[in-house]
Amino acid sequence: MATTTTTSTLTSTAAFGSDVVVDMLQALGIEFVALNPGASYRGLHDSLVNYGAGRPEIILCNHEEIAVSIAHGYMRAAGKPMAAAVHNIVGLLHSTNSVYNAWLDQAGMLILGGTGPIATEQRRPYIDWIHTALVQGNAVRDYVKWDDQPASVDSVIDSMLRAYQLITTDPKGPVYLCFDAGLQESTLASPPTLPDMSLF
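Computed from a prediction, not measured in an experiment: that's the story for all the values here.

Enquirer: What am I meant to see in a nonpolar patch on the surface here?
Expert: A cluster of nonpolar side chains, namely Tyr126, Ile127, Trp129 and Ile130, defines an oily patch on the protein surface of about 440 Å² accessible area. In this structure, Tyr126 sits in the loop between strand S6 (109-115) and helix H6 (127-130).

What follows is the structure in C-alpha coordinates.
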(Lines give C-alpha, C1' and ligand atoms only; values in the text may rest on other atoms or scores of the structure.)
Protein backbone atom coordinates (compact mmCIF):
# COMPACT_ATOMS: atom_id res chain seq x y z
CA MET A 1 0.00 0.00 0.00
CA ALA A 2 1.34 3.44 -0.88
CA THR A 3 2.52 5.67 1.94
CA THR A 4 3.04 9.42 1.87
CA THR A 5 6.54 10.84 2.39
CA THR A 6 7.45 14.37 3.45
CA THR A 7 8.09 15.45 -0.15
CA SER A 8 4.46 14.70 -1.16
CA THR A 9 5.57 11.95 -3.52
CA LEU A 10 4.22 8.49 -2.81
CA THR A 11 6.59 5.65 -2.12
CA SER A 12 4.99 2.40 -3.14
CA THR A 13 5.49 -1.04 -1.63
CA ALA A 14 4.10 -2.69 -4.78
CA ALA A 15 5.44 -6.13 -5.65
CA PHE A 16 3.38 -6.71 -8.81
CA GLY A 17 2.21 -4.60 -11.73
CA SER A 18 -1.40 -4.76 -10.56
CA ASP A 19 -0.38 -3.41 -7.14
CA VAL A 20 0.64 -0.19 -8.90
CA VAL A 21 -2.89 0.12 -10.33
CA VAL A 22 -4.24 -0.11 -6.76
CA ASP A 23 -1.66 2.44 -5.56
CA MET A 24 -2.89 4.83 -8.24
CA LEU A 25 -6.55 4.25 -7.42
CA GLN A 26 -5.81 5.04 -3.77
CA ALA A 27 -3.67 8.08 -4.62
CA LEU A 28 -6.41 9.44 -6.90
CA GLY A 29 -9.01 9.05 -4.16
CA ILE A 30 -11.07 6.35 -5.87
CA GLU A 31 -13.11 4.81 -3.04
CA PHE A 32 -15.05 2.07 -4.84
CA VAL A 33 -14.62 -0.38 -7.71
CA ALA A 34 -17.75 -2.15 -8.99
CA LEU A 35 -16.90 -5.39 -10.74
CA ASN A 36 -17.98 -8.76 -12.03
CA PRO A 37 -14.91 -10.99 -11.50
CA GLY A 38 -13.06 -12.06 -14.63
CA ALA A 39 -9.79 -13.85 -15.39
CA SER A 40 -8.42 -11.09 -17.64
CA TYR A 41 -7.93 -8.83 -14.63
CA ARG A 42 -7.30 -11.51 -12.01
CA GLY A 43 -4.07 -9.76 -11.04
CA LEU A 44 -5.91 -6.51 -10.36
CA HIS A 45 -8.64 -8.36 -8.44
CA ASP A 46 -5.98 -10.08 -6.31
CA SER A 47 -4.27 -6.74 -5.63
CA LEU A 48 -7.57 -5.07 -4.67
CA VAL A 49 -8.24 -7.83 -2.13
CA ASN A 50 -4.77 -8.56 -0.75
CA TYR A 51 -2.65 -5.47 -1.39
CA GLY A 52 -5.23 -2.70 -1.17
CA ALA A 53 -6.62 -3.89 2.18
CA GLY A 54 -10.16 -2.83 1.25
CA ARG A 55 -9.16 0.46 -0.40
CA PRO A 56 -10.79 0.94 -2.80
CA GLU A 57 -13.74 -1.14 -1.65
CA ILE A 58 -15.06 -3.78 -4.06
CA ILE A 59 -18.75 -3.74 -4.97
CA LEU A 60 -19.51 -7.20 -6.35
CA CYS A 61 -21.92 -7.21 -9.31
CA ASN A 62 -23.43 -10.02 -11.35
CA HIS A 63 -23.06 -8.23 -14.70
CA GLU A 64 -20.73 -5.62 -16.19
CA GLU A 65 -23.61 -3.43 -17.28
CA ILE A 66 -24.64 -3.18 -13.63
CA ALA A 67 -21.06 -2.37 -12.56
CA VAL A 68 -20.81 0.56 -14.98
CA SER A 69 -24.32 1.74 -14.07
CA ILE A 70 -23.36 1.80 -10.38
CA ALA A 71 -20.32 3.94 -11.22
CA HIS A 72 -22.60 6.23 -13.25
CA GLY A 73 -25.08 6.58 -10.38
CA TYR A 74 -22.28 7.17 -7.87
CA MET A 75 -20.90 10.01 -9.97
CA ARG A 76 -24.34 11.60 -10.07
CA ALA A 77 -25.03 11.13 -6.34
CA ALA A 78 -21.57 11.78 -4.86
CA GLY A 79 -20.24 14.20 -7.47
CA LYS A 80 -16.96 12.32 -7.76
CA PRO A 81 -15.78 9.41 -9.90
CA MET A 82 -15.46 5.76 -9.04
CA ALA A 83 -14.21 2.80 -11.04
CA ALA A 84 -15.84 -0.20 -12.69
CA ALA A 85 -13.92 -3.27 -13.86
CA VAL A 86 -15.02 -5.31 -16.86
CA HIS A 87 -13.70 -8.66 -18.06
CA ASN A 88 -11.98 -8.57 -21.42
CA ILE A 89 -13.93 -7.97 -24.64
CA VAL A 90 -16.83 -10.07 -23.33
CA GLY A 91 -17.40 -7.85 -20.29
CA LEU A 92 -16.64 -4.67 -22.20
CA LEU A 93 -19.30 -5.55 -24.77
CA HIS A 94 -21.71 -6.45 -21.96
CA SER A 95 -21.20 -2.97 -20.54
CA THR A 96 -21.49 -0.93 -23.74
CA ASN A 97 -25.04 0.31 -23.18
CA SER A 98 -24.13 1.60 -19.73
CA VAL A 99 -20.90 3.15 -21.04
CA TYR A 100 -22.93 4.93 -23.73
CA ASN A 101 -25.44 6.17 -21.14
CA ALA A 102 -22.58 7.55 -19.02
CA TRP A 103 -21.18 9.27 -22.12
CA LEU A 104 -24.54 10.88 -22.87
CA ASP A 105 -24.92 11.98 -19.25
CA GLN A 106 -21.33 13.30 -19.04
CA ALA A 107 -20.60 11.06 -16.06
CA GLY A 108 -16.88 10.70 -15.41
CA MET A 109 -15.65 7.24 -14.39
CA LEU A 110 -12.71 4.91 -14.77
CA ILE A 111 -13.58 1.72 -16.62
CA LEU A 112 -10.80 -0.81 -16.05
CA GLY A 113 -10.38 -3.93 -18.15
CA GLY A 114 -7.87 -6.63 -18.85
CA THR A 115 -6.57 -8.57 -21.82
CA GLY A 116 -3.88 -10.98 -22.75
CA PRO A 117 -1.20 -11.62 -22.00
CA ILE A 118 -0.34 -9.86 -25.26
CA ALA A 119 3.02 -11.71 -25.26
CA THR A 120 2.06 -15.04 -26.85
CA GLU A 121 4.67 -17.03 -24.90
CA GLN A 122 2.93 -16.06 -21.64
CA ARG A 123 -0.51 -17.31 -22.69
CA ARG A 124 -2.02 -20.45 -21.19
CA PRO A 125 -3.44 -22.89 -23.73
CA TYR A 126 -6.82 -21.91 -25.19
CA ILE A 127 -8.28 -19.66 -22.46
CA ASP A 128 -5.72 -16.85 -22.69
CA TRP A 129 -5.84 -17.01 -26.50
CA ILE A 130 -9.58 -16.42 -26.65
CA HIS A 131 -9.32 -13.62 -24.07
CA THR A 132 -6.70 -11.56 -25.85
CA ALA A 133 -7.55 -8.64 -28.10
CA LEU A 134 -5.68 -5.69 -29.55
CA VAL A 135 -6.83 -2.96 -29.13
CA GLN A 136 -9.88 -3.47 -26.92
CA GLY A 137 -10.68 0.22 -26.70
CA ASN A 138 -11.93 0.08 -30.30
CA ALA A 139 -15.17 -1.39 -28.99
CA VAL A 140 -16.10 1.80 -27.09
CA ARG A 141 -13.86 4.44 -28.64
CA ASP A 142 -16.76 6.38 -30.15
CA TYR A 143 -18.34 7.06 -26.75
CA VAL A 144 -15.54 7.41 -24.22
CA LYS A 145 -13.36 10.48 -23.74
CA TRP A 146 -10.20 8.40 -24.13
CA ASP A 147 -8.96 4.82 -24.04
CA ASP A 148 -5.51 3.38 -23.46
CA GLN A 149 -3.72 0.05 -23.14
CA PRO A 150 -0.45 0.83 -21.29
CA ALA A 151 2.45 -1.54 -21.92
CA SER A 152 4.66 -0.92 -18.86
CA VAL A 153 4.30 -0.12 -15.18
CA ASP A 154 5.53 3.45 -15.73
CA SER A 155 2.99 3.92 -18.51
CA VAL A 156 0.25 2.62 -16.18
CA ILE A 157 1.01 5.53 -13.84
CA ASP A 158 0.95 8.07 -16.68
CA SER A 159 -2.16 6.55 -18.20
CA MET A 160 -4.11 6.60 -14.94
CA LEU A 161 -3.10 10.20 -14.25
CA ARG A 162 -4.29 11.30 -17.68
CA ALA A 163 -7.48 9.28 -17.35
CA TYR A 164 -8.30 10.92 -14.01
CA GLN A 165 -7.69 14.39 -15.44
CA LEU A 166 -10.07 13.60 -18.31
CA ILE A 167 -12.90 12.14 -16.21
CA THR A 168 -12.84 15.13 -13.86
CA THR A 169 -12.64 17.84 -16.54
CA ASP A 170 -15.80 19.20 -18.17
CA PRO A 171 -17.39 17.87 -20.20
CA LYS A 172 -16.91 14.79 -18.04
CA GLY A 173 -17.23 11.28 -19.38
CA PRO A 174 -16.00 7.70 -19.06
CA VAL A 175 -12.45 6.57 -19.85
CA TYR A 176 -11.49 2.97 -20.62
CA LEU A 177 -8.12 1.57 -19.53
CA CYS A 178 -7.08 -1.96 -20.47
CA PHE A 179 -4.30 -3.72 -18.56
CA ASP A 180 -2.32 -6.61 -20.00
CA ALA A 181 -2.69 -9.71 -17.79
CA GLY A 182 1.04 -10.42 -18.09
CA LEU A 183 1.83 -6.88 -16.95
CA GLN A 184 -0.64 -7.14 -14.06
CA GLU A 185 1.07 -10.30 -12.80
CA SER A 186 4.65 -9.21 -13.50
CA THR A 187 7.00 -9.11 -10.51
CA LEU A 188 8.56 -5.69 -9.99
CA ALA A 189 12.32 -5.42 -9.50
CA SER A 190 11.66 -2.44 -7.24
CA PRO A 191 8.52 -0.51 -6.31
CA PRO A 192 7.93 2.70 -8.25
CA THR A 193 7.79 6.20 -6.82
CA LEU A 194 4.43 7.76 -7.61
CA PRO A 195 4.16 11.47 -8.39
CA ASP A 196 2.46 13.99 -6.13
CA MET A 197 -1.16 13.85 -7.33
CA SER A 198 -1.82 17.44 -6.26
CA LEU A 199 0.47 18.62 -9.05
CA PHE A 200 -1.94 17.19 -11.60
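Enquirer: Teacher, can you tell me more about the sheet that holds strand S5 (residues 83-86) here?
Expert: Within a sheet, neighbouring strands are paired by backbone hydrogen bonds and run either parallel or antiparallel to one another. Taken in spatial order, the six strands line up as S4-S3-S5-S6-S8-S7 in an open sheet, and their pairing is parallel. Edge strands, defined here as strands with exactly one partner in the open sheet, are strand S4 (57-60) and strand S7 (146-148). Direction aside, the axes of adjacent strands within the sheet are offset by 20 degrees on average. As paired strands, S7 and strand S8 (residues 174-180) are joined by three bridges and run parallel to one another.

Enquirer: What is the right way to look at the packing of helix H1 (residues 17-27) against helix H2 (residues 42-51) in this model?
Expert: Helices that pack against each other are described as a pair by the angle of their axes relative to one another and the distance between those axes. The N-to-C vectors of H1 and H2 enclose an angle of 60 degrees; their axes lie 8 Å apart at closest approach. The angle between H1 and H2 places the two elements in the oblique class. As H1 packs across H2, the resulting crossing turns out to be right-handed. Residues Ser18, Asp19, Val21, Val22, Asp23 and Leu25 of H1 lie in contact with H2, whose contacting residues are Gly43, Leu44, Ser47, Leu48 and Tyr51. Split by residue class, the contact of H1 with H2 holds six nonpolar, three polar and two charged.

Enquirer: Explain the state of the cysteines to me, please; I cannot follow it from the model alone.
Expert: Structurally, a disulfide amounts to a covalent bond that connects the sulfur atoms of two cysteines. Taken as a whole, this structure holds zero disulfides when the rule is applied. Between Cys178, a cysteine without a disulfide, and Cys61, which holds the nearest cysteine sulfur, the sulfur-to-sulfur distance is 19 Å. Residue classification places Cys178 among the buried positions, given a relative accessible area of 0%.

Scoring rules and cut-offs
- Residues numbered from 1 in each chain as written.
- Predicted model: local features only at pLDDT ≥ 70, side-chain atom pairs only at ≥ 80, totals over all residues.
- Heavy atoms only, no water.
- Patch = residues over 30% accessible without salt bridge, like charges linked within 9 Å, V, L, I, M, F, W, Y side chains within 5 Å.
- Areas by Shrake-Rupley, 256 points an atom, 1.4 Å probe, with all protein chains shown as cover.
- Salt bridge = Lys/Arg side-chain N within 4 Å of Asp/Glu carboxyl O.
- Helix = DSSP H or I, 4+ residues; strand = E, 2+ residues; numbered from the N terminus.
- Pairing = 2+ DSSP bridges.
- Axes fitted to C-alpha atoms, helices over the stretch in contact; angles between N-to-C directions.
- Parallel < 35°, antiparallel > 145°, perpendicular 65-115°, else oblique.
- Left-handed = near helix turned anticlockwise from the far one by under 90°.
- Contact = heavy atoms within 4.5 Å.
- Nonpolar A, V, L, I, M, F, W, Y, C, P; charged D, E, K, R; others polar.
- Disulfide = S-S within 2.5 Å.
- Buried < 20%, exposed > 50% of the residue type's maximum accessible area, 1.4 Å probe, protein only.

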